[in-house]
Amino acid sequence: MQGGILLGPSAIGRNEKFLNTVFPKKSITVLDTLGNIGLLFFLFLVGLELDMRAIRRTGHKALGIALCGITVPFVLGIGTSFALRATVSKGAEPVSFLVFMGVALSITAFPVLARILAELKLLTTDVGRIAMSAAAVNDVAAWILLALAIAISGSNGSPLVPLWVLLSGVAFVLFAVFAIRPLLVAMANRSPEGEPVKEVYICITLTLVLACSFVTDTIGIHALFGAFVLGTIMPKDGSFSGVLIEKIEDLVSGLFLPLFFVSSGLKTNVASISGGLSWAMLVLVIFNACFGKIVGTIVVSLICKVPSHEAVALGFLMNTKGLVELIVLNIGKDRKVLNDQAFAICVLMALFTTFITTPIVMAVYKPARRGAPYKHKTIQRRDPDTELRMLICFHTSRNIPTLINLIESSRGIRKRGKLCIYAMHLVELSERSSAITMVHKARRNGMPFWNKKQDDKDQMIIAFQAYEKLSSVNVRPMTAISALNSIHEDICTSAHRKCAAMIILPFHKHQRVDGSMESLGHSFHVMNQLVLSHAPCSVGILVDRGFGGTSQVPASDVSYKVVVPFFGGRDDREALCYGMRMAEHPGILLNVVKFMPPPGTSLAFGAKLVGVSSNKDKKAFEVVGGNYYDDKQQDDQLWSEFLSACNNNNQESMKHEQKLVASKGDIEAALKEMNRSNLILVGRMPSVAPLISRSDCPELGPVGSYMASSDFSNVTSVMVIQQYNPSTDIHPLVMEESDYPDMPDTPTS
């Protein structure tokens, strides 16, 4: 839209030579035609998203908010129309102009609202559900009013024509419900889950969209109305509607809708708003649009006993305009109801109200993330017989074999506390409209959740479900669908709700065939850093170099060599405890190498210890390391416990050695000897000198950064572990309340 305005007569298009060369008059017709075809299928998709059963079940709150949210701005729109007709729209046909302005100010863009709610993680919260239900009712009412406005605008003064158009429209809706819907239901029933949908069914449906649009256009309403009605009567259950969305949405949203936006921008001449009176009218239209929606919604929400902060958020959410508003305005301009100046004023109003929605809602409403406190936030604990819970995240199917082999290696022995795994599939919230449907299925009360029905169609979780049936490990698949810049909130809050002791994240680089490491993208890198900063438990970043091979290894065939380089410190202690847990598996051989400096020196060798801060600027900071003597005492205590476990281990699955190192070179040489093992567990921030001068992954710490480089190894996987530290958890995403009643679900065998 902004591009169209800049290319049009408002900016660059003021040069007529440029406008006639790039957008000659013949091309405008082609642009409009393609844009309108895209709109037909877009309105069909909007109808598919609208579930009429949900609208029928709409509670009194949502219904009251919807009715008030459309009535108050509609009345203000009528008042605004009188002011506009007296100034910038002199000579406009009074009744049709009045109805068009009322619709323009009162409409709420359902698809745009759904996108905003999904990005703000509010789609499945109480506020989101009320807003979506109210917007759905608002949408249906607005399209009925729009049909009325179109009928009036094309009546040429005869009062019988609008009546005939409306009666014909009602007849079309009844025909669609009782004649077309049974055909759609039959096709949906003949498209069972898991089987490809017949091509002829897709062709019939797309043809019906065009046919219904042609009928409503012939009646005199608008072609868009027919496509919208067909979408609303489509059966929503089963795979048929999902396949239709997949077939249509990429072409519509990727090609046709941008053409419509450009076409609308080319018609918008901001320069036509000239003089103090015109700008005053723009301010009046924006004020009335915002005042009617926001204040009307807030008042009725408070009457319905919605909390005040939620009522304010609902008011701004219901003020969302966007694409549907532009459709209404374009119809008004094509029908000669709106002149250039009135059209430009209304377009700027639509853009302004949509732009302010997200930042204002984020400022006034942030749902409180509350949870009950829990004890076991680390793998190192006093009672090792308690259940160990881990949240394991993955992006693609490439991560799954390694993660299953890691789970198998971590399951311990049966007499100890069992292992419970929450496997979270991280999915980026895309621009596709079907992503909204996915979010509905993958979230509950604004949070990702474990689907107890086990009917998830996500193919990636089938491997975890199969592993669970073959082992004694509880595996609970989850899906988090969010924008990558905020998906860390889902990870951290889910870990708290599930009482996880450790979050395991895939490294943001994967190994190529030639052994080099290739980045998956900066967003994944930032996500890992944010999880490290805000995690409510310990965190492990897994640098995967094919741990266990490319397929799941049966329990009887597991034979891995795991190495823990122990320098000392909080993170190294967590790594050692995890290694001791893994050593309980009969197929795991654990070797712990304790590094010792010469007497009177430290492993820093005079170097400045640096890490990554939890601040947003990500600047390096000096690692003080807490109380050195306290750390040393805890290191010695854990080491003695480890030696005791080694002595009691009859199968010799745990070995240890001590190495005296006098320089960084000695440490590098000792680590190089480990590069043929299967897995190395290393603490994130041990008190040791950085082994490489520069690193693009400082969050891995001085040793992990060295081991993650391609020069270290191409066969040994590395897990860099950070132990949860309550003293640095100063900006938690979940506020712990001792009397919080919502307990996390406890999986059963």
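Rules used in this analysis
- Residues numbered from 1 in each chain as written.
- Predicted model: local features only at pLDDT ≥ 70, side-chain atom pairs only at ≥ 80, totals over all residues.
- Heavy atoms only, no water.
- Phe/Tyr/Trp six-rings, centres within 6.5 Å; stacked < 30°, edge-to-face > 60°.
- Helix = DSSP H or I, 4+ residues; strand = E, 2+ residues; numbered from the N terminus.
- Buried < 20%, exposed > 50% of the residue type's maximum accessible area, 1.4 Å probe, protein only.
- UniProt positions renumbered as here; feature names shortened; annotations may be inferred.
- pLDDT = per-residue confidence, 0-100.
- Contact = heavy atoms within 4.5 Å.
- Expected span 1.5 Å × (residues − 1).
- Salt bridge = Lys/Arg side-chain N within 4 Å of Asp/Glu carboxyl O.
- Core = buried A, V, L, I, M, F, W, Y, C linked by side-chain atoms within 4.5 Å.
- Domains from an automatic or database assignment.
- Pairing = 2+ DSSP bridges.
- Axes fitted to C-alpha atoms, helices over the stretch in contact; angles between N-to-C directions.
- Parallel < 35°, antiparallel > 145°, perpendicular 65-115°, else oblique.
- Left-handed = near helix turned anticlockwise from the far one by under 90°.
- Nonpolar A, V, L, I, M, F, W, Y, C, P; charged D, E, K, R; others polar.
- Patch = residues over 30% accessible without salt bridge, like charges linked within 9 Å, V, L, I, M, F, W, Y side chains within 5 Å.
- Areas by Shrake-Rupley, 256 points an atom, 1.4 Å probe, with all protein chains shown as cover.

Peer 1: How should I be thinking about the packing of aromatic side chains in this particular structure?
Peer 2: The way to describe two aromatic rings as a pair is by their centre distance and the angle between their planes. The tally for this structure, following the rule as stated, stands at 7 aromatic pairs. When the centroid spacing of 4.6 Å and the interplanar angle of 45 degrees are considered together, the rings of Phe547 and Tyr560 count as tilted. One end of the pair, Phe547, is in the loop between β10 (538–543) and β11 (560–566); the other, Tyr560, is in strand β11, and 13 residues separate them in sequence. The exposure class of Tyr560 is buried, given its relative accessible area of 7%.

Peer 1: Is there a simple way to explain the UniProt feature "domain: Cation/H(+) antiporter C-terminal" (unreviewed entry) in the protein chain in this structure?
Peer 2: The residues that UniProt annotates with the feature "domain: Cation/H(+) antiporter C-terminal" (unreviewed entry) are residues 560–598 and 640–725. Between the C-alpha atoms that bound residues 560–598 there is a distance of 32 Å. The span itself is 33% helix and 41% strand.

Peer 1: I would appreciate a short explanation of the confidence of the model for the protein chain in the present structure.
Peer 2: Low-confidence regions, as indicated by low pLDDT, have predicted coordinates that should not be scrutinised in detail. Across the protein chain, the average pLDDT comes to 80, with 87% of residues at or above 70. Here residues 611–626 is a poorly scored stretch, pLDDT under 50, and it has 26 contacts once near neighbours within four places are set aside; other chains count.

Peer 1: In this structure, what is going on with helix α10 (residues 199–219)? I would like to understand it.
Peer 2: Each α-helix turn comprises 3.6 residues. Residues three or four places apart therefore point the same way. End to end, α10 covers 31 Å across 21 residues, agreeing with the expected 30 Å (1.5 Å per residue, within 8%). Buried residues along α10 sit against α3 (25–49), α9 (160–189), α11 (223–233) and α12 (240–267). Immediately beyond the C-terminal end of α10, within one or two residues, lies Gly220, with a positive phi of roughly 115 degrees.

Peer 1: Whenever I open this one, the pattern of salt bridges confuses me. Can you help?
Peer 2: The full count for this structure, using the stated rule, is 8 salt bridges. For Asp340, the salt bridge goes to Lys333, with nearest N and O atoms at 3.1 Å. Between Glu408 and Arg411 there is a salt bridge; the shortest N-O distance is 2.7 Å. For Glu408, a relative accessible area of 4% corresponds to the buried category.

Peer 1: What exactly am I supposed to notice about the nonpolar core here?
Peer 2: Across soluble globular proteins, you tend to see nonpolar side chains buried next to one another. In terms of nonpolar packing, the biggest core is built from 128 residues, with Phe44, Leu230, Phe240 and Ile327 touching the most fellow members. Two domains each put at least three residues into this core: domain 1 (1–364) and domain 2 (391–448 + 457–606 + 629–722). If we ignore the near neighbours within four places in the chain, the residues touching Phe240 are Leu184, Met187, Ala188, Ser191, Val197, Tyr201, Ile202, Thr205 and Met234. Met517, Cys537, Phe595 and Val661 belong to the second largest nonpolar core, which has 52 residues in total.

Peer 1: What's the story with the pairing of strand β2 (residues 388–394) in this structure? I'm lost.
Peer 2: Remember that side chains alternate between the two faces of the sheet whenever the strand is regular. By the criterion of burial, β2 is predominantly enclosed, with 7 of the 7 residues buried. Alternating positions in β2 separate into two faces, Leu388, Met390, Ile392 and Phe394 on one and Arg389, Leu391 and Cys393 on the other, with burial throughout.

Peer 1: Hey, could you run me through helix α14 (residues 308–317) in this one?
Peer 2: Across the 10 residues of α14, 7 count as buried, placing the element largely inside the fold. Restricting attention to buried positions, one finds in α14 the residues Glu310, Ala311, Ala313, Leu314, Gly315, Phe316 and Leu317.

Peer 1: In this structure, what is going on with the sheet that holds strand β3 (residues 419–428)? I would like to understand it.
Peer 2: Neighbouring strands of a sheet are bound in pairs by backbone hydrogen bonds; such pairs are parallel or else antiparallel. Here 10 strands make up an open sheet; going across it, the order is β6-β3-β2-β7-β10-β17-β16-β11-β12-β15 and the pairing mixed. Single-partner strands in this sheet number two, and they are β6 (474–482) and β15 (654–660). Here the average twist between neighbouring strands, direction ignored, is 20 degrees. Of the pairings in the sheet, the one linking β11 to strand β12 (residues 588–596) comprises 7 bridges and is parallel in character. Bridge assignment links Val564 to a residue of β12, and that residue is Val592.

Peer 1: Explanation requested: the environment of Ala463 in the structure shown.
Peer 2: Mapped onto the fold, Ala463 is located in helix α19 (residues 462–470). Residue Ala463 is classed as partly exposed on the basis of its relative accessible area of 28%. Between the alpha carbons of Ala463 and Ile404 there is a distance of 8.4 Å; along the sequence they are 59 residues apart. Setting aside its immediate chain neighbours within four residues, Ala463 contacts Ile400 and Ile404.

Peer 1: In this structure, what is going on with the packing of α12 against helix α15 (residues 323–334)? I would like to understand it.
Peer 2: Geometry of a packed helix pair, given as the angle between the helix axes and the separation of the axes. Taken N-terminus to C-terminus, the directions of α12 and α15 make an angle of 50 degrees; their axes are 11 Å apart at the nearest point. With respect to each other, α12 and α15 are oriented oblique. As for how α12 packs across α15, the hand of that crossing is left-handed. Here Leu257, Phe260, Phe261, Ser264 and Lys267 of α12 come into contact with α15, specifically with Leu323, Leu326, Ile327, Asn330, Lys333 and Asp334. Residues belonging to the contact of α12 with α15 are distributed by class as follows: 6 nonpolar, 2 polar and 3 charged.

Peer 1: Would you mind showing me how to read a nonpolar patch on the surface here?
Peer 2: Taken together, the side chains of Phe287, Phe291, Val295, Val299 and Ile303 make up a nonpolar region of the molecular surface, amounting to roughly 470 Å² of accessible area. Take Val295: it is sitting in helix α13 (residues 276–303). The exposure class assigned to Val295 is partly exposed, which follows from its relative accessible area of 31%.

Peer 1: I would appreciate a short explanation of the pairing of β3 in the present structure.
Peer 2: Of all 10 residues making up β3, 9 are buried, and the element is well covered by its neighbours. Sheet analysis places β2 next to β3, joined by 7 bridges and oriented parallel. The partner of Phe394 across the bridge, within β3, is His425. Here β3 runs beside β6; their pairing, made up of 9 bridges, is parallel. Opposite Glu428, over in β6, you have Ser482 as the bridge partner.

Peer 1: How should the packing of α14 against helix α16 (residues 340–364) be read in this particular structure?
Peer 2: Contact geometry of α14 with α16 gives a least axis separation of 9 Å together with a crossing angle of 175 degrees. Taken together, the axes of α14 and α16 lie roughly antiparallel to each other. Across the interface between the two elements, His309, Val312, Ala313, Phe316 and Leu317 of α14 pack against Thr357, Ile360, Val361 and Val364 of α16. Grouping the constituent residues of the contact of α14 with α16 by class yields 7 nonpolar, 2 polar and no charged.

Peer 1: Looking at this structure, how should I read the side chain of Gln341?
Peer 2: Positionally, Gln341 belongs in helix α16. Under the relative-accessibility criterion, Gln341 is labelled buried at 17%. When near neighbours in sequence (up to four residues on either side) are disregarded, Gln341 contacts Val88, Ser272, Ile273, Ser274 and Ser278.

Peer 1: Could you clarify how one ought to interpret the side chain of Lys321 in this entry?
Peer 2: Within the secondary structure layout, Lys321 lies in the loop between α14 and α15. Looking at Lys321, the relative accessible area reads 0%, which means it is buried. In contact with Lys321, not counting residues within four places along its chain, are Ala104, Leu105, Ile107, Ala109, Val112, Lys293, Met349, Ala350, Thr353 and Thr354.

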